[in-house]
Amino acid sequence: MASKRLFDDSDRDAEEASDKRMRPNRPSLASIIGEAVRVKNMQSLLSGLEPLLRKVVNEEVERVIIRHRHGSNYTRSPSLRIEAASSSSSEQPPKLQLMFTNELSLPIFTSSRILDAQGNPMQVILVDKTNNDQMVRTSLPYPVKLELVVLDGDFPGEESWWSSEQFNRHIVKERTGKRPLLSGELNLTMRDDIAPMNGDIEFTDNSSWIRSRKFRVAVRVSPNQQGAIRIREGITQAFVVKDHRGELYKKHHPPMLDDQVWRLEKIGKDGAFHKKLSAEGINTVQEFLKLSVVDPQMLRKILGIGMSEKMWEATIKHAKTCNMGNKVYMYSHANYTIYLSPICQLIRADINGQILQGRDLNSYNRVYLEKMVSEAYSRWNELEEIDQAVLNDNVALLTQGEEQFANNHEAAAATLEYDESKYFGYVPSSSHSHNNELPDWELNAMAYGFSKTGASTSDSEWPN
């Protein structure tokens with residue numbers, strides 16, 4: 001019995017030894033950590049060698065290119081150099097840089113063409129900043145492919161320069177399910193130091209959905225043409241992109257005569273003031289200004305008490321910045337002919353063969369002049385439109401050889417002064433002489449180039 005138990009124990013020991021040989025050895029935690037440290041050290045070594053290898057390779061490339069171009073001058077700037085392509089932040093900033101020639105025209109709306117501040121297509125040029133950061137326009141001896149992208153408005157922050165990696169990280173792409181953020185001809189070619197943006201380049205989305213709420217348009221060398229030359233990207237100022245529907249409601253500065261009246265400040269499209277004016281047939285800025293000249297009290301009555309004095313002043317001030325153009329309107333009656341500005345201001349009157357303009361209008365019968373202007377206003381569609389230059393020529397011919405009109409009644413005569421509450425205000429002429437101001441009739445005539453004698457005010461001066 002004892003021998004049998006010994007035999008069984010020896011069999012069990014043999015089986016356990018066989019199981020140990022069959023099971024693979026498991027690595028310990030310490031060995032795993034050691035292996036990771038060795039791999040990390042190798043990666044760090046390779047990362048450290050990479051800039052050095054790049055520098056060596058680019059120096060060799062530069063040496064070959066310089067040897068190949070020895071004795072030739074292909075550029076405008078003598079300081080044009082081949083820069084290392086390394087984008088490491090530890091490298092010196094590149095000396096070549098792309099730049100937009102002008103700032104953008106603001107505001108910018110979606111589906112509206114991007115233009116410069118002068119209303120012309122944007123242009124990109126190449127500059128060299130080698131000489132103490134002074135920008136010298138330069139060029140390359142071969143075409144350069146460029147690409148337009150959109151950047152976050154916060155970039156580059158306080159940094160005066162950036163690496164390619166930093167630039168690429170701040171490129172803004174379209175929102176999910178939206179069209180490309182920038183549409184149009186986004187690929188440019190720079191030849192002879194300039195790349196015009198002639199295509200219809202437009203934004204397809206507003207900028208309200210990013211943190212900064214602003215975009216920048218940027219230009220860079222196309223990734224397909226990245227080589228030994230490092231050219232710094234060019235960027236515009238930061239700006240807000242608004243939806244196109246906002247453009248439909250924006251005010252015009254300055255307004256045009258044929259603009260809809262809601263283009264004026266404090267008058268909203270389809271708002272209460274707009275509806276009140278439309279009900280009275282006042283649909284354009286010109287019609288608004290005409291009534292403000294002939295009968296401002298009626299205009300205030302139409303707008304109602306909802307328009308405060310401050311709002312009224314803001315609207316009138318904006319309306320008066322309107323460009324009046326060079327047209328004059330003539331209204332003829334049996335014994336008189338009057339000439340009015342596009343907003344119904346009296347410029348000149350021919351009454352029974354007597355020509356009145358400038359100060360002569362101020363010494364004439366105020367009520368009679370008011371009646372003539374009011375009648376012309378009521379028949380505005382019947383007035384004849386003539387050019388200001390034609391009227392100037394006719395006045396000069398009619399007055400040629402005639403004596404100047406005397407001003408012997410000026411001290412005692414009553415003059416007319418424009419007032420927002422009453423256009424034909426009765427003010428003694430002494431008040432004008434005291435303040436060295438011209439009456440409104442004279443201002444109207446001077447604005448259209450007429451002097452008292454009929455000559456252009458640019459050729460003669462008003463008498464003192």
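All figures in this text were calculated on a predicted structure; none of them were measured in a lab.

Analysis parameters
Within any chain, residue numbers begin from 1 and follow the written order of that chain's sequence. Totals for whole chains, interfaces and linings use all residues, but because this is a predicted model, local features are given only for residues with pLDDT of at least 70 and pairs of side-chain atoms are given and counted only at 80 or more. Working from all heavy atoms in the structure, the side-chain values ignore hydrogens and water. Burial classification: accessible surface area is computed with a 1.4 Å probe over protein chains only, and a residue below 20% of its type maximum counts as buried, one above 50% as exposed, and the rest as partly exposed. Elements are defined by DSSP. Helices are runs of H or I of four residues or more, strands are runs of E of two residues or more, and each kind is numbered from the N terminus. DSSP-based pairing: two strands are paired if at least 2 bridges between them are found. Nonpolar core, defined: a set of buried Ala, Val, Leu, Ile, Met, Phe, Trp, Tyr and Cys residues in which side-chain atoms within 4.5 Å join the residues together. For this analysis, residues touch if any pair of their heavy atoms sits within 4.5 Å. Predictor confidence is given residue by residue as pLDDT, running from a minimum of 0 to a maximum of 100. A carboxyl oxygen of Asp or Glu within 4 Å of a side-chain nitrogen of Lys or Arg is what we treat as a salt bridge. Think of each axis as a best-fit line through the C-alpha atoms, taken over the contacting stretch in the case of a helix, with angles from 0 to 180 degrees between the N-to-C directions.

## Quick word on the pairing of strand β15 (residues 336-340)
Among the 5 residues that make up β15, 5 are buried, leaving the element largely enclosed by the rest of the structure. Covered by surrounding structure in β15 are Tyr-336, Ile-338 and Leu-340 together with Thr-337 and Tyr-339, the residues of both alternating faces. Two strands pair when backbone bridges link them, and strand β14 (residues 327-332) and β15 are joined in this way by 4 bridges, in the antiparallel orientation. Each bridged residue has a counterpart across the sheet, and for Tyr-329 the counterpart in β15 is Leu-340. Between β14 and the antiparallel strand that follows it, β15, lie 3 residues. Bridging between β15 and strand β16 (residues 346-351) involves 5 bridges; their strand directions are antiparallel. Of the residues in β16, the one forming a bridge with Leu-340 is Leu-346.

## A word on the nonpolar core
Core analysis: the biggest nonpolar cluster contains 33 residues, and Val-124, Leu-146, Leu-148, Phe-203 and Phe-215 have the highest contact counts within it. Sorting the residues of this core by element identifies β1 (96-100), β3 (123-128), β5 (144-152), β7 (187-190) and β10 (215-221) as the ones contributing at least two each. When sequence neighbours within four positions are dropped, the list of residues in contact with Leu-146 reads Leu-98, Val-124, Leu-186, Asn-187, Leu-188, Met-190, Ala-195, Val-219, Arg-220, Val-221 and Ser-222. Within the second largest apolar cluster, 22 residues are counted, among which are Leu-264, Ile-267, Phe-273 and Leu-303.

## Topic: the confidence of the model for the protein chain
Close inspection of predicted coordinates is inappropriate for parts of the model with low pLDDT. Averaged over every residue, the pLDDT of the protein chain is 76; the share at 70 or more is 68%. Predicted confidence is poor over residues 70-90, with pLDDT under 50, and the contacts of this stretch with residues over four places away or in other chains come to 39 contacts.

## So, the pattern of salt bridges
Using the criterion set out here, one finds 8 salt bridges in the structure. For Glu-147, the salt bridge is made with Arg-220, and the minimal N-O distance between the two is 3.0 Å. In this pair, Glu-147 is assigned in strand β5 and Arg-220 in strand β10, connecting sequence segments 73 residues apart. Each member of the pair, Glu-147 as well as Arg-220, is classed as buried. Measuring nitrogen to oxygen at the nearest pair gives 2.8 Å for the salt bridge that ties Arg-175 to Asp-205.

## Remarks on unusual backbone geometry
Here the residue pair Phe-155 and Pro-156 is connected by a cis peptide bond, since its omega of 5° sits within 30 degrees of zero. Mapped onto the elements of the fold, Pro-156 is located in the loop between β5 and α3 (164-169). At the junction of His-253 and Pro-254, the peptide bond is cis and its omega measures out at -5° in the coordinates. Structurally, the position occupied by Pro-254 is in the loop between α4 (244-247) and α5 (272-279). Positioned with a positive phi, Asp-193 is a non-glycine residue whose angle comes to about 70°. Residue placement: Asp-193 occurs in the loop between β7 and β8 (194-196).

## So, the sheet that holds β10
Strand order in this open sheet of 4 strands is β7-β5-β10-β12, and the pairing throughout is antiparallel. The two strands at the open ends of the sheet, each matched to only one other strand, are β7 and β12 (234-235). As paired strands, β5 and β10 are joined by 7 bridges and run antiparallel to one another. Each bridged residue has a counterpart across the sheet, and for Glu-147 the counterpart in β10 is Arg-220.

## Concerning the pairing of β5
Working note: regular strand, side chains alternate between the two faces of the sheet. Across the 9 residues of β5, 8 count as buried, placing the element largely inside the fold. The pairing of β5 with β7 spans 4 bridges and is antiparallel. Pairing of Glu-147 across the sheet is with Asn-187, part of β7.

## Observations concerning the sheet that holds strand β18 (residues 384-387)
Read across the open sheet, the 5 strands follow the order β17-β16-β15-β14-β18; overall the sheet is antiparallel. Each edge of the open sheet is held by one strand with a lone partner, namely β17 (354-357) and β18. Mean inter-strand twist for the sheet, computed between neighbouring axes without regard to direction, equals 20°. Where β14 meets β18, 4 bridges bridge the pair, whose relative direction is antiparallel. Looking across to β18, one finds that Met-330 is bridged to Glu-384.

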